[in-house]
Amino acid sequence: MSRYFTAELERLEPYTPGEQPQDQQYIKLNTNESPYPPAPGVIQVVAAASEALRLYPDPENGRLAKAAALYHGVEPDNILCGNGSDENLMLAIRAFCGAGRGLAFADVTYGFYPVWCDLFGIPQKVLPLKEDFTLDPADYYGLDEKEKVGAIVIANPNAPTGLTLPADALAGIARRNPGAVVIVDEAYVDFGGESCVRFVREGTPENLLVVQTFSKSRSMAGARLGLCIGPKALIDDLKRIKYSMNPYNVDRMTEAAGIAALADRAYFDKNCAAIRDTRAKTTDTLRKMGFTVLDSSTNFVFAKTPKMPGGELYKALKQRGVLVRHFATPRLQDWVRITIGSPEQMQGFFAALREILA
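Residues numbered from 1 in each chain as written. Predicted model: local features only at pLDDT ≥ 70, side-chain atom pairs only at ≥ 80, totals over all residues. Heavy atoms only, no water.

Side-chain pairing between opposite charges can occur once the charged atoms of the two side chains come close. This structure, assessed with the given rule, holds 16 salt bridges. Across the pair arginine 224 and aspartate 86 runs a salt bridge whose closest N-O atoms are separated by 3.9 Å. Taken together, the positions of arginine 224 in the loop between strand 7 (208-213) and strand 8 (226-229) and aspartate 86 in helix 3 (residues 84-96) put the pair 138 residues apart, joining distant regions of the chain. Between arginine 198 and glutamate 194 there is a salt bridge, and its shortest N-O distance comes to 3.8 Å. Given a relative accessible area of 36%, glutamate 194 falls into the partly exposed group. One network of salt bridges, with partners in common, ties together Asp168, Glu194, Arg198 and Glu202. (Salt bridge = Lys/Arg side-chain N within 4 Å of Asp/Glu carboxyl O. Helix = DSSP H or I, 4+ residues; strand = E, 2+ residues; numbered from the N terminus. Buried < 20%, exposed > 50% of the residue type's maximum accessible area, 1.4 Å probe, protein only.)

Now the structure itself:
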């Protein structure tokens with residue numbers, strides 16, 4: 001780093017995104033993207049919206065907020081649109097945490113949470129998952145007083161494990177921490193989890209915030225669009241941070257694409273069902289091959305084999321043109337995360353896997 005880099009950030013370890021190699025064509029099962037294209041109407045509205053690119057977008061994203069509110073059964077002022085769910089998560093962590101108010105999260109979860117803490121100088125309270133990677137809600141009770149946390153963030157379903165908690169368990173954590181905001185990261189909820197949006201509709205608990213994305217189930221990872229759904233008071237807090245950083249955070253084409261994606265419920269349901277079906281077949285096949293596979297509620301599976309370490313399996317698959325994700329940390333080093341692709345992609349994955357294990 002240069003001599004101009006600020007001293008307080010010298011130990012910052014940036015988030016490592018999944019590989020996006022350009023050297024050859026891969027069967028890409030490493031970044032939990034959808035194998036299916038966006039809804040047909042998305043492409044049409046993006047082309048139409050491009051004619052107005054000379055104008056700034058609506059900073060409130062009013063049309064999209066209204067469409068999302070109608071879809072989720074809430075009011076538009078319960079919605080914040082963001083540049084992917086990452087931006088909304090970052091805004092929430094920045095809004096509710098600070099030097100004297102930390103962030104609590106699991107030791108095995110989305111890797112961006114500790115990076116934001118380091119970036120903003122926020123204390124971290126890291127709570128280990130159980131040996132089987134499950135999360136005990138009781139571990140999170142009372143953290144607002146005991147640990148002085150300003151927020152608790154829980155990915156549900158979790159990544160990279162794919163495991164999920166009932167929505168009532170998340171609401172229970174919020175009720176047991178009235179002095180903190182509970183942020184529920186629902187990036188994968190459409191593949192089998194139970195959403196906490198209903199608590200926003202009911203108006204209680206008032207310290208629960210839901211973050212969702214269009215990247216996974218709506219096939220729009222390249223568009224960068226996310227929603228934050230929560231009580232108006234919390235959404236107003238986030239807007240205060242947003243307008244201090246990036247008021248025009250969602251562009252015109254992305255807003256139009258989001259509205260079109262929400263409108264085509266049949267296409268959305270069909271793709272989610274197809275991925276769940278392929279996930280079930282993938283899990284069954286892997287287990288018959290001797291793999292340990294966690295029960296997934298996402299568009300990926302987390303698996304390991306006694307025949308070789310996870311890092312070696314990842315490398316062997318990459319050599320054969322198949323990308324999966326490996327996390328070189330002590331608890332995860334034996335495992336690989338495998339995105340659920342199309343049936344044809346999974347056939348290619350299994351062909352490579354059988355060749356390696358033979």
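This part is about the sheet that holds strand 9 (residues 292-293). Taken in spatial order, the three strands make up an open sheet running 9-10-12, and their pairing is antiparallel. Two strands close off the open sheet at either side, each with one partner strand: strand 9 and strand 12 (336-339). Of the pairings in the sheet, the one linking strand 9 to strand 10 (residues 300-304) comprises two bridges and is antiparallel in character. Each residue of the ladder has a partner; that of threonine 292, found in strand 10, is lysine 304. Contacts between helix 10 (residues 265-288) and the sheet are confined to strand 9, strand 10 and strand 12, with strand 10 contributing the most and set at about 5° to the helix. (Pairing = 2+ DSSP bridges. Contact = heavy atoms within 4.5 Å. Axes fitted to C-alpha atoms, helices over the stretch in contact; angles between N-to-C directions.)

With respect to the element layout, arginine 325 can be found in the loop between strand 11 (322-323) and strand 12. For the buried arginine 325, which has no salt bridge, the nearest side chain bearing the opposite charge is glutamate 19, at an N-O separation of 6.8 Å. Here threonine 16 takes part through its backbone oxygen, which lies 2.8 Å from a polar atom of the side chain of arginine 325. Apart from residues lying up to four places away in sequence, arginine 325 is in contact with Tyr15, Thr16, Pro17, Gly18, Leu29, Asn30, Val336 and Arg337. (Lys, Arg positive; Asp, Glu negative; His and termini not counted. Polar contact = N/O pair within 3.5 Å; in protein donor to acceptor, adjacent residues only side chain to side chain.)

Right, let's get into the sheet that holds strand 8. Pairing in this open sheet of seven strands is mixed, and the strands run 2-8-7-6-5-3-4 from one edge to the other. Strands with a single pairing partner mark the edges of an open sheet, and in this sheet they are strand 2 (79-82) and strand 4 (124-127). Pairwise comparison of adjacent strand axes, ignoring direction, gives a mean angle of 20° for this sheet. Taken together, the four bridges between strand 7 and strand 8 define a ladder with antiparallel strand orientation. Bridge pairing in strand 8 places valine 211 opposite cysteine 228. Relative to strand 7, helix 3 is tilted by about 155°, and along the sheet it contacts strand 2, strand 3 (102-106), strand 5 (149-155), strand 6 (181-185), strand 7 and strand 8. Packed on one face of the sheet, helix 8 (residues 232-242) meets strand 2, strand 6, strand 7 and strand 8 and runs near 30° to strand 2.

With 54 residues, the main nonpolar core has Ile79, Phe133, Tyr140, Ile152, Cys196, Leu208 and Ile229 as its most contacted residues. Looking at this core, the element that brings in the most residues is helix 6 (residues 167-175), giving six residues. Once residues lying within four places of it in the same chain are set aside, the contact partners of phenylalanine 133 are Val108, Thr161, Leu163, Leu294, Phe302, Arg331, Leu332 and Trp335. Within the second largest apolar cluster, 32 residues are counted, among which are Phe191, Cys272, Phe350 and Ala352. (Core = buried A, V, L, I, M, F, W, Y, C linked by side-chain atoms within 4.5 Å.)

Moving on: the side chain of threonine 298. Tracing the backbone through its elements, the reader meets threonine 298 in the loop between strand 9 and strand 10. Judged by relative accessible area, which is 0%, threonine 298 ranks as buried. Separated by 2.8 Å, the side chains of threonine 298 and serine 296 make a polar contact. Polar side-chain contacts of threonine 298 include one of 3.0 Å to the backbone oxygen of phenylalanine 300.

All told, the structure shown has twelve aromatic pairs when counted by the stated rule. On the numbers, 4.5 Å between centres and 10° between planes, the contact of tyrosine 15 with phenylalanine 112 is stacked. One end of the pair, tyrosine 15, is in the segment before strand 1 (27-28); the other, phenylalanine 112, is in helix 4 (residues 112-120), and 97 residues separate them in sequence. Residue classification places tyrosine 15 among the partly exposed positions, given a relative accessible area of 27%. With 5.5 Å between their ring centres and 90° between their planes, tyrosine 110 and tyrosine 113 make a pair best called edge-to-face. Members of the aromatic cluster, each reached through a chain of ring pairs, are Tyr15, Phe105, Tyr110, Phe112, Tyr113 and Trp116. The ring of phenylalanine 120 carries the charged tip of arginine 94 above its face, separated from the ring centre by 5.4 Å. (Phe/Tyr/Trp six-rings, centres within 6.5 Å; stacked < 30°, edge-to-face > 60°. Lys NZ or Arg CZ within 6 Å of the ring centre and 35° of its normal.)

In this section: helix 9 (residues 252-263). Here helix 9 spans 17 Å end to end across twelve residues, near enough to the 16 Å set by a 1.5 Å rise per residue. If you check which residues of helix 9 are buried, you get Thr254, Glu255, Ala256, Ala257, Gly258, Ile259, Ala260, Ala261 and Leu262. Close packing links the buried residues of helix 9 with helix 1 (40-49), helix 2 (62-72) and helix 10. For helix 9, the N-terminal cap is aspartate 251; the gap from its side-chain oxygen to the backbone nitrogen of methionine 253 is 3.0 Å. (Expected span 1.5 Å × (residues − 1).)

Their axes nearest at 10 Å, the elements helix 3 and helix 4 cross at an angle of 45°. In terms of their interaxial angle, helix 3 and helix 4 are classed as oblique. For helix 3 against helix 4, the interelement crossing comes out right-handed. Along the contact surface, helix 3 presents Asp86, Leu89, Met90, Ile93 and Arg94, while helix 4 presents Phe112, Tyr113, Trp116 and Phe120. In terms of residue class, the contact of helix 3 with helix 4 is built from seven nonpolar, no polar and two charged. (Parallel < 35°, antiparallel > 145°, perpendicular 65-115°, else oblique. Left-handed = near helix turned anticlockwise from the far one by under 90°. Nonpolar A, V, L, I, M, F, W, Y, C, P; charged D, E, K, R; others polar.)

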